[in-house]
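Secondary and tertiary structure notes
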Amino acid sequence: MSHFLQSLSEDALFRSYSFYCSILVIKMMFMSSFTGFKRITFKSFISPEDAAFHGTKVSTPTENVERVRRAHLNDVENIPLFFVTAFAFCLTNPSLSWANFLFKAYTIARIVHTVVYAIIPIPQPARLICWLISYNITGFMALNSILYFLS
Amino acid sequence: MSHFLQSLSEDALFRSYSFYCSILVIKMMFMSSFTGFKRITFKSFISPEDAAFHGTKVSTPTENVERVRRAHLNDVENIPLFFVTAFAFCLTNPSLSWANFLFKAYTIARIVHTVVYAIIPIPQPARLICWLISYNITGFMALNSILYFLS
Amino acid sequence: MSHFLQSLSEDALFRSYSFYCSILVIKMMFMSSFTGFKRITFKSFISPEDAAFHGTKVSTPTENVERVRRAHLNDVENIPLFFVTAFAFCLTNPSLSWANFLFKAYTIARIVHTVVYAIIPIPQPARLICWLISYNITGFMALNSILYFLS
């Protein structure tokens, strides 16, 4: 490992960034597996070769699977924005405890979002609140970075 | 802030990268809000709890909402590629003005793409041209990186 | 180029990371073009202005196009996770040859995944095996990073 990478991997802010990004990666990987699990449970497949592999035919979408798909798609739309904006935010000289708090709050909000959307669906505004927390954190970090790097 | 992060945040190329990435993050966040706004305006919801929250029922997709969804999905397919390839491109020793120009042109092309697709739909090839500009910039940076890091 | 970026672009681990990320970017860009090619071949468009541009009307989805769309969406769900987790993994002090092997295996698995899904569809478990290889590599790198940065 070069001297340079050594510094990067010892930086507390980058350690926090890498840690929460990795948690979010595992969280999103869970959505893929969960969709597959739901497809097999409800025998609801969209590719002929998958249906054939499970001895059935392609079927119309079922809400049980589609709900998980929508939760996953919401992750796909939102979480990669966190990956890049949190990286830029690390370069805006934030305090470690503040950055750490934002990363942690974002990660928890996204995990609870999935729980109330796809695992134990509960009425709104449960999901809306989770989404708003994560949305505002991303927005705060992005606006902060724009102002910091504008000059 | 460590000495290392200090250097990173003072590097003009990384400042430009972080700035344009943050603009693109805000641009994609707008798509999420805009979809929600359209769903509420046209009372077109796909999750039962969202429909219930607005005193209506789940409905079939409407073109007014789907058009915004497609524009958003096109962002989701393309913009994360910019995030990573522009990062790699920063490491290929490009001139600052050239990299800066590519980042700016990409960002403008993607914003205009959204305007002509989802906000004020106009006939093709308006959207095609925006898409081609951003597509070619991504491709140029990726091919450049492949050649640079091949050896 | 600053002294700092110089070090980054000379680091063998980062060179490998940037190289394979760029290959994956080109691979995903191919999916966009391939979808467009299929849409034109089968005259299957979802936006009225696209259909008008090709002298036809909006049509219901056809399996020939949808198969490519699904393969592309699978990339969109999975490959950005590699971008961020492989970055974090670079900071966990892995051996260069081991990291290089994982990046290369992931890239090959994703390319073969596309071939057996969208180009020359063959029965399962061909696609499943490719997906599992890439899924496990992402998971391995993410878990490794979590453990490394936990302390």
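Quantities reported herein were computed from a predicted structural model and do not represent experimental measurements.

1. Remarks on the interface of chain B and chain A
Across the boundary between the two partners, chain B contributes 33 residues, which contact 42 residues of chain A. Both faces considered, chain B and chain A share a buried interface measuring about 3100 Å² in area, 71% of it formed by carbon and sulfur atoms. Counting the contacts that link chain B with chain A gives 3 salt bridges. Between R67(A) and E49(B) there is a salt bridge, with the nearest N and O atoms lying 2.8 Å from each other. Counting every contact that joins chain B to chain A gives 8 residue pairs in polar contact (both at pLDDT 80 or more). If you list the elements that add at least two residues to the side of chain B that touches chain A, you get α1 (3-10), α2 (12-41), α3 (48-53) and α4 (63-90) of chain B. With 15 residues, α2(B) is the single largest residue contributor to the side of chain B that touches chain A. Looking at the side of chain B that touches chain A residue by residue, the classes come out as 21 nonpolar, 8 polar and 4 charged.

2. Describing the packing of aromatic side chains
For any pair of aromatic rings, geometry is given as the distance between the ring centres together with the angle between the planes. Scanning all chains against the criterion turns up 48 aromatic pairs over all chains. Residues F82(C) and Y106(C) carry aromatic rings whose centres are separated by 4.2 Å and whose planes lie at 15 degrees to one another, so their mutual orientation is stacked. With F82(C) in helix α4 (residues 63-90) and Y106(C) in helix α5 (residues 96-119), this residue pair connects regions lying 24 residues apart in the sequence. An identical accessibility class is assigned to F82(C) and Y106(C); each is buried. In this arrangement the basic side chain of R127(A) is found over the ring face of Y117(A), its NZ or CZ atom lying 3.9 Å from the centre.

3. Some details on the UniProt feature "transmembrane region" (unreviewed entry) in chain A
Residue and element names in this part refer to chain A. Under the present numbering, the feature "transmembrane region" (unreviewed entry) in UniProt falls on residues 17-37, 79-99 and 129-150. The distance from the first to the last C-alpha atom of residues 17-37 is 30 Å, and the span holds 100% helix and 0% strand. From the first C-alpha to the last, residues 129-150 spans 31 Å; its make-up is 100% helix and 0% strand.

Procedures and definitions
- Residues numbered from 1 in each chain as written.
- Chains lettered and ligands numbered in written order.
- Predicted model: local features only at pLDDT ≥ 70, side-chain atom pairs only at ≥ 80, totals over all residues.
- Heavy atoms only, no water.
- Contact = heavy atoms within 4.5 Å.
- Buried area = accessible area lost by both parts, 1.4 Å probe.
- Salt bridge = Lys/Arg side-chain N within 4 Å of Asp/Glu carboxyl O.
- Polar contact = N/O pair within 3.5 Å; in protein donor to acceptor, adjacent residues only side chain to side chain.
- Helix = DSSP H or I, 4+ residues; strand = E, 2+ residues; numbered from the N terminus.
- Nonpolar A, V, L, I, M, F, W, Y, C, P; charged D, E, K, R; others polar.
- Phe/Tyr/Trp six-rings, centres within 6.5 Å; stacked < 30°, edge-to-face > 60°.
- Buried < 20%, exposed > 50% of the residue type's maximum accessible area, 1.4 Å probe, protein only.
- Lys NZ or Arg CZ within 6 Å of the ring centre and 35° of its normal.
- UniProt positions renumbered as here; feature names shortened; annotations may be inferred.

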